[in-house]
Amino acid sequence: GANNDEVLIDDISLIYNSGVGVQQLNASKVNIMYSNGELSVSGVTEGTARIYAMNGGIMYEGNITPKLSLSLASGIYFAHILDCQGRIFASKFAVN
């Protein structure tokens with residue numbers, strides 16, 4: 001611009017929101033166990049769960065219930081839990 005350019009600023013609002021981002025659930029409060037064709041989830045009562053196989057395939061996707069009937073082959077799986085407040089818990093578990 002030219003030497004006589006002016007910048008006029010009117011009504012500035014600065015907004016700080018500390019609630020932005022992903023919060024992780026306290027791992028000691030969430031427990032995931034698989035036994036005899038059932039996946040047990042404790043510590044979270046409402047939200048969604050997604051179970052992944054090692055190859056990235058989704059084995060389950062849906063609402064959280066205390067016990068999910070799942071037929072999983074032997075291997076390592078990953079659980080991704082999203083509660084109703086937007087907090088995330090991720091864990092891996094083994095099926096023998």
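Every chain is numbered on its own, with residues counted from 1 as its sequence reads. Only residues with pLDDT of 70 or above have their local features reported here, since the model is predicted, and side-chain atom pairs are shown and tallied only from 80 upward, although totals for entire chains, interfaces and linings are computed over all residues. Note: side-chain values were computed over all heavy atoms of the structure, leaving out hydrogens and water.

Peer 1: I'd like to hear about the overall build of the chain, residue by residue, with values.
Peer 2: Helical segments are the DSSP runs of H or I of at least four residues, strand segments are the runs of E of at least two, and each set is numbered from the N terminus. When its secondary structure is counted, the chain shows zero helices and seven strands. Going from N to C terminus, the chain has its helices and strands arranged as β-β-β-β-β-β-β. Considering only contacts within the chain whose residues lie at least 6 apart along the sequence, 46% involve residues at least 24 apart. For the chain, the accessible area works out to roughly 7300 Å², and carbon and sulfur atoms hold 49% of it. Every residue pair with non-hydrogen atoms within 4.5 Å of one another is taken to be in contact. All accessible areas in this document rest on Shrake-Rupley with a 1.4 Å probe, and a residue is counted as covered only by the protein chains that are shown.

Peer 1: Go over the sheet that holds strand β1 (residues 31–35) with me, naming the residues and quoting the values.
Peer 2: Pairing between two strands requires that DSSP report at least two bridges joining them. Strands sit in the order β1-β2-β5 across an open sheet of three strands; the sheet is antiparallel. Strands with a single pairing partner mark the edges of an open sheet, and in this sheet they are β1 and β5 (67–69). For this sheet the average axis-to-axis angle between neighbouring strands, irrespective of direction, equals 20 degrees. Angular values range over 0 to 180 degrees, each being the angle between N-to-C directions of two axes fitted as lines to C-alpha atoms, with helices fitted over their stretch in contact.

Peer 1: I'd like a description of the environment of Val41, backed by residues and values.
Peer 2: Within the element layout of this structure, Val41 appears in strand β2 (residues 38–42). What Val41 contacts, discounting residues up to four positions off in sequence, is Asn31, Ile64, Thr65, Pro66 and Ile81.

Peer 1: Which residues make up the environment of Leu70, and what are the values?
Peer 2: Relative to the assigned elements, Leu70 resides in the loop between β5 and β6 (75–83). By relative accessible area, which is 9% here, Leu70 ends up buried. In sequence terms Leu70 and Ile51 are 19 residues apart; their C-alpha atoms lie 10.0 Å from each other. The residues touching Leu70, leaving out its near neighbours within four places in the chain, are Tyr34, Gly37, Glu38, Leu39, Ile51, Met59 and Tyr60. Only protein chains enter the area calculation, which uses a 1.4 Å probe; residues under 20% of their type maximum are buried, those over 50% are exposed, and those in between are partly exposed.

Peer 1: Would you mind going over the pairing of strand β3 (residues 47–53) in detail, with residue names and values included?
Peer 2: Here β3 shows a clear split, with Gly47, Ala49, Ile51 and Ala53 buried on one side and none of Thr48, Arg50 and Tyr52 buried on the other. Pairing geometry for β3 and β6, over seven bridges, is antiparallel. From the neighbouring strand, Thr48 faces β6, where its bridge partner is Leu82. Of the pairings in the sheet, the one linking β3 to strand β4 (residues 58–63) comprises five bridges and is antiparallel in character. The partner of Ile51 across the bridge, within β4, is Tyr60. Two successive antiparallel strands, β3 and β4, enclose a turn made up of four residues, where Gly56 displays a positive phi of approximately 95 degrees.

Peer 1: Would you mind going over the pattern of salt bridges in detail, with residue names and values included?
Peer 2: The rule for a salt bridge is simple: a side-chain nitrogen of Lys or Arg has to be within 4 Å of a carboxyl oxygen of Asp or Glu. A complete count under the given rule lists two salt bridges for this structure. Linking Glu61 and Arg50 is a salt bridge whose minimum nitrogen-to-oxygen distance equals 2.4 Å. In this pair, Glu61 is assigned in strand β4 and Arg50 in strand β3, connecting sequence segments eleven residues apart. Residue Asp83 is joined to Arg87 by a salt bridge in which the shortest nitrogen-to-oxygen separation is 2.8 Å. Judged by its relative accessible area of 27%, Arg87 falls in the partly exposed class.

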